[in-house]
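# Architecture and fold: a report
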Amino acid sequence: MNNQPVLFLDSGIGGLPYCRHFYMHNPAETLVYVADRASFPYGPREQGELTGLLITLMKRLVRIFNPKVVVLACNTATVSALAALRKAFPGLPMVGTVPAIKPAVLESRQQRAGVLGTERTINDPYTMNLAARYRPDCTVTGIAAPDLVEFVEHRYALADEVERRRVVVPYIEGFRAAGVDTVVLGCTHFLFLLKEFQWAAAPDIGIYDSIAGVSHRVEALLDRGEQTLRTNRRCGEAHLLVVTGASPLELSWQSWADAFDLPLRRLEDLEHDAEVLPGRIHQ
Ligand code: DGL
């Protein structure tokens with residue numbers, strides 16, 4: 001038994017739907033969701049720089065939360081730095097999020113799949129190698145959509161349905177023009193626009209994501225081995241939405257905390273409190 005939290009990490013709000021999905025199926029677990037506002041966005045960063053940032057951040061998070069499992073709820077962080085993070089934290093089980101390319105290439109009738117992600121994810125050979133591994137005869141079109149990441153992080157909550165549909169249409173049209181019939185949402189932020197993508201893609205293009213796959217992977221890790229890592233609590237305690245960065249939190253963070261029913265804290269404040277009151281956060 002292990003009552004330490006499961007920690008989800010993304011550059012911003014993108015991983016929140018992943019965190020919620022996991023919670024719906026595992027309500028006894030305690031969850032800490034970390035939005036790395038200080039380094040948002042990850043997509044335009046070089047691999048070496050992003051890896052360094054993530055290792056430094058993970059050291060802080062491990063010190064304060066001592067998680068039993070870390071979920072990189074971010075494709076960009078996963079393709080760039082998961083291997084280096086596993087090496088740097090050998091005793092800490094980690095689950096990554098990679099674009100759901102396998103079902104998309106296998107189920108493409110035209111042998112043409114599309115991946116929508118950040119610049120980093122689309123340009124990383126890992127992403128295209130995945131496609132070749134599962135179906136070499138399938139052509140994969142990758143499109144980077146940094147503006148969609150910005151839209152979800154900073155504009156989505158204020159936008160109406162018409163505006164949300166308007167931002168996804170050019171991407172789906174781009175894939176349609178390339179003859180693509182399956183599209184992978186390869187950035188966790190895009191899950192916020194799932195309904196709009198499905199609307200724009202119907203009826204000829206299927207939309208794929210990794211949300212259920214990531215949840216199952218975390219569950220498998222908790223159940224692996226002789227000693228379960230599952231909690232013995234009846235319901236999760238002290239869930240948190242934690243935001244990095246020294247500046248005061250923008251008002252939108254409180255709205256996200258309310259929407260996902262998570263108490264909101266800045267990482268800097270938690271670290272400060274933990275120094276004053278050792279053991280308060282670290283269970
Ligand atoms: N949500 C992230 C992903 O899945 C990255 C967004 C960003 O910070 O650029 O790739």
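Look up: the structure comes first, before these words.
Everything numeric here is computed off the predicted structure, so don't read it as measured data.

This next bit is on the overall build of the chain. Along its length, the chain carries twelve helices and ten strands. Taken along the three principal axes of its C-alpha coordinates, the chain extends 60 × 45 × 40 Å. A buried classification covers 54% of the 283 residues belonging to the chain. Partitioning the intrachain contacts of the chain with sequence separation of at least 6 by distance along the chain shows that 77% fall at a separation of at least 24. Counting only carbon and sulfur atoms, one obtains 54% of the accessible surface of the chain, whose full area is about 12600 Å². Looking at the chain, you have 29 positive and 32 negative side-chain charges, and the mean spots of the two groups are 4 Å apart.

Moving on: the sheet that holds strand β6 (residues 139-144). Strand order in this open sheet of four strands is β6-β5-β7-β8, and the pairing throughout is parallel. The sheet is open, and its two borders are formed by β6 and β8 (206-208), each paired with just one other strand. Across the sheet, the mean angle separating the axes of adjacent strands is 25° when strand polarity is ignored.

Now for the packing of aromatic side chains. The full count for this structure, using the stated rule, is seven aromatic pairs. A ring pair is formed by Phe192 and Trp256, whose centres lie 5.4 Å apart and whose planes are at 70°; its orientation type is edge-to-face. On the criterion of sequence distance, the pair formed by Phe192 in the loop between β7 (182-185) and α9 (194-201) and Trp256 in helix α11 (residues 251-259) is long-range, its members being 64 residues apart. Here the two residues Phe192 and Trp256 agree in accessibility, since each one is buried. Judged by centre distance (6.3 Å) and plane angle (45°), the rings of Trp256 and Phe260 are tilted. Like Trp256, the residue Phe260 is buried in the burial classification.

Taken together, 14 residues form the shell around the ligand, and within it Ser11, Tyr42, Thr76, Thr188 and His189 come nearest. Between the ligand and Ser11 there is a distance of 2.6 Å, counted from an oxygen atom to a side-chain nitrogen or oxygen. Interatomic distance of 2.5 Å between a side-chain N/O atom of Thr76 and an oxygen atom of the ligand. Taken by itself the ligand offers 300 Å² of open surface, and the protein chains cover 99% of this. Of the residues contributing to the shell around the ligand, the split by class is six nonpolar, seven polar and one charged.

In this structure, Phe8, Leu116, Phe190, Phe197 and Leu241 are the most contacted members of the largest nonpolar core, which totals 54 residues. For this core, the element with the highest residue contribution is helix α10 (residues 211-223), accounting for five residues. Residues within four places of Leu241 in sequence aside, it is in contact with Tyr33, Trp253, Trp256, Ala257, Leu262, Pro263, Leu264 and Arg265. Core analysis: the next-biggest nonpolar cluster, separate from the first, contains 27 residues, Val34, Leu54, Ile55 and Ala77 among them.

Rules used throughout
- Residues numbered from 1 in each chain as written.
- Predicted model: local features only at pLDDT ≥ 70, side-chain atom pairs only at ≥ 80, totals over all residues.
- Heavy atoms only, no water.
- Helix = DSSP H or I, 4+ residues; strand = E, 2+ residues; numbered from the N terminus.
- Buried < 20%, exposed > 50% of the residue type's maximum accessible area, 1.4 Å probe, protein only.
- Contact = heavy atoms within 4.5 Å.
- Areas by Shrake-Rupley, 256 points an atom, 1.4 Å probe, with all protein chains shown as cover.
- Lys, Arg positive; Asp, Glu negative; His and termini not counted.
- Charge placed at Lys NZ, Arg CZ, Asp CG, Glu CD.
- Pairing = 2+ DSSP bridges.
- Axes fitted to C-alpha atoms, helices over the stretch in contact; angles between N-to-C directions.
- Phe/Tyr/Trp six-rings, centres within 6.5 Å; stacked < 30°, edge-to-face > 60°.
- Near = heavy atom within 4 Å.
- Polar contact = N/O pair within 3.5 Å; in protein donor to acceptor, adjacent residues only side chain to side chain.
- Nonpolar A, V, L, I, M, F, W, Y, C, P; charged D, E, K, R; others polar.
- Core = buried A, V, L, I, M, F, W, Y, C linked by side-chain atoms within 4.5 Å.

Remember that the coordinates give geometry; whether it matters functionally is a separate question.
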